[in-house]
Amino acid sequence: MDDASRLTARRLVERCLHDGEELLWVGRSDPSRMLVDADRYLIPFGTFFLAFVGWALVATIRGGANGAVVAILLLLVLAGLHLLGGRFLVKRHRKRTEVYAVTDRRVFVTNGRRTRETDARRTDWYVDRTAGHVSVEWDDTRHLDTLFVAGSESVRQYANTGLEGFPAPRGNFALYDVADGDALLAALRRASGR
């Protein structure tokens, strides 16, 4: 983050602080990092899905099918377009508007209108390091293990792809693709005592 962006982020976070809360770290997700491991299968699948649904739509229109079938296929085409491109717009918007913060009491993500948070003393977080970036996730999806085989992993596979529940709340709490990872981890260790 450049100095102007850092100052803007800090001002946004300071409006969310509670009385007596000490700010340990402020940052953002790196907007230049858009692809994740899941894109290895999401992009080919999205291409195949969109081609198939597009072909079905053209065949249906040429065949003179009723409007309900055409409407359903149009919705599927829109879903395919979101899978291939729209989700990257969602992700880009989040990365540019959300600010991450660690205090002595909590870890939170805010965009100025909505704030999601977790207790900074929690120690059930884990770190994923990739090419100069750090992502930290808390195990908020453990209760799903009773519903699905490997339930937590079922939810996590779409994390940070732009498909993880927009506009609904996401299934886990995480800070993704932070370039200033060492400072983030130092603040988390200080807050959690881990």
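Our subject is the structure that appears above.
Since this is a predicted model, take the numbers as computed values, not measurements.

**Student:** Before we go on, may I ask you to explain the overall build of the chain in this structure?
**Tutor:** The helix and strand tally for the chain stands at five helices and seven strands. The secondary structure elements of the chain, listed N-terminal to C-terminal, are α-β-α-α-β-β-β-β-β-α-β-α. Out of the 194 residues in the chain, the part that is buried amounts to 43%. For the chain, long-range pairs separated by at least 24 residues make up 68% of all intrachain contacts whose partners lie at least 6 apart in sequence.

**Student:** Sorry, what's going on with helix H1 (residues 3-14) here?
**Tutor:** For an α-helix the count is 3.6 residues per turn, leaving residues at separations of three or four pointing the same way. Along its 12 residues, H1 runs 16 Å from first to last C-alpha, staying within 8% of the 16 Å computed at 1.5 Å per residue. Buried residues of H1: Ala9, Leu12 and Val13, and no others. Viewed end-on, H1 has its buried residues packed into an arc of 95°, placing them on one side of the element. Opposite the buried face of H1, at more than 90 degrees from it, the exposed residues are Asp3, Ala4 and Arg11. For H1, the elements touching its buried residues are strand S1 (23-27), helix H3 (67-97), strand S2 (99-103) and strand S3 (106-110).

**Student:** Sorry if this is basic, but what is going on with the sheet that holds strand S7 (residues 174-178) here?
**Tutor:** Strands in a sheet are paired, the pairing made by backbone hydrogen bonds, and the direction either parallel or antiparallel. Pairing in this open sheet of three strands is antiparallel, and the strands run S5-S6-S7 from one edge to the other. Lying at the two open borders of the sheet, with one neighbouring strand each, are strand S5 (125-130) and S7. Going across the sheet, the axis of each strand differs from the next one's by a mean of 15°, ignoring polarity. Bridge count for strand S6 (residues 133-138) against S7 is three bridges, and the pairing is antiparallel. Within the sheet, the bridge partner assigned to Val134 lies in S7 and is Val178.

**Student:** It is not clear to me how a nonpolar patch on the surface should be interpreted in this structure. Could you clarify?
**Tutor:** On the surface, a cluster of nonpolar side chains totalling about 410 Å² of accessible area is made up of Phe48, Phe52 and Trp55. Within the secondary structure, Trp55 sits in helix H2 (residues 39-63). Owing to a relative accessible area of 57%, Trp55 belongs among the exposed residues under this scheme.

**Student:** Help me understand the side chain of Thr60, please; the structure alone is not making it clear to me.
**Tutor:** Structurally, Thr60 can be placed in helix H2. When neighbours within four sequence positions are excluded, Thr60 is seen to be in contact with Ala65, Val69, Val70 and Leu73.

**Student:** Help me understand empty space enclosed by the protein, please; the structure alone is not making it clear to me.
**Tutor:** Gaps left between atoms are located by rolling a probe of water-molecule size over the structure's atoms. Per the counting criterion, the structure on display carries two cavities of 30 Å³ or more. Reported here for the largest cavity is a volume of approximately 100 Å³. Lining the largest cavity are 10 residues, with Arg94, Lys95, Glu98, Tyr100 and Asn160 positioned closest to its centre. It is H3 that provides the largest number of residues to the lining of the largest cavity, a total of three residues. Class assignment for the residues of the lining of the largest cavity results in two nonpolar, two polar and six charged. Roughly 40 Å³ of internal volume is contained in the second largest cavity. Taken together, Glu98, Val109, Thr110, Asn111, Arg114 and Arg116 make up the full set of residues lining the second largest cavity. Of the residues that constitute the lining of the second largest cavity, the class distribution is one nonpolar, two polar and three charged.

**Student:** Please explain unusual backbone geometry as it appears in this structure.
**Tutor:** Across the chain, the bulk of peptide bonds are trans and the bulk of non-glycine residues have phi less than zero. Despite not being glycine, Asn160 has its phi angle at roughly 65°, a positive value. Looking at the element boundaries, Asn160 is found in the loop between helix H4 (151-156) and S7. A positive phi angle is found at Asp177, which is not glycine, with a value near 55°. Here Asp177 lies in strand S7.

Reading the values: the criteria
- Residues numbered from 1 in each chain as written.
- Predicted model: local features only at pLDDT ≥ 70, side-chain atom pairs only at ≥ 80, totals over all residues.
- Heavy atoms only, no water.
- Helix = DSSP H or I, 4+ residues; strand = E, 2+ residues; numbered from the N terminus.
- Buried < 20%, exposed > 50% of the residue type's maximum accessible area, 1.4 Å probe, protein only.
- Contact = heavy atoms within 4.5 Å.
- Expected span 1.5 Å × (residues − 1).
- Arc of directions from axis to C-beta.
- Pairing = 2+ DSSP bridges.
- Axes fitted to C-alpha atoms, helices over the stretch in contact; angles between N-to-C directions.
- Patch = residues over 30% accessible without salt bridge, like charges linked within 9 Å, V, L, I, M, F, W, Y side chains within 5 Å.
- Areas by Shrake-Rupley, 256 points an atom, 1.4 Å probe, with all protein chains shown as cover.
- Salt bridge = Lys/Arg side-chain N within 4 Å of Asp/Glu carboxyl O.
- 1 Å grid on protein atoms, 1.4 Å probe; cavity = no way out; pocket = protein on both sides within 12 Å on 5 of 7 lines; lining within 4 Å.
- Points joined across faces, edges and corners; volume = space filled by probe spheres on them.
- Nonpolar A, V, L, I, M, F, W, Y, C, P; charged D, E, K, R; others polar.

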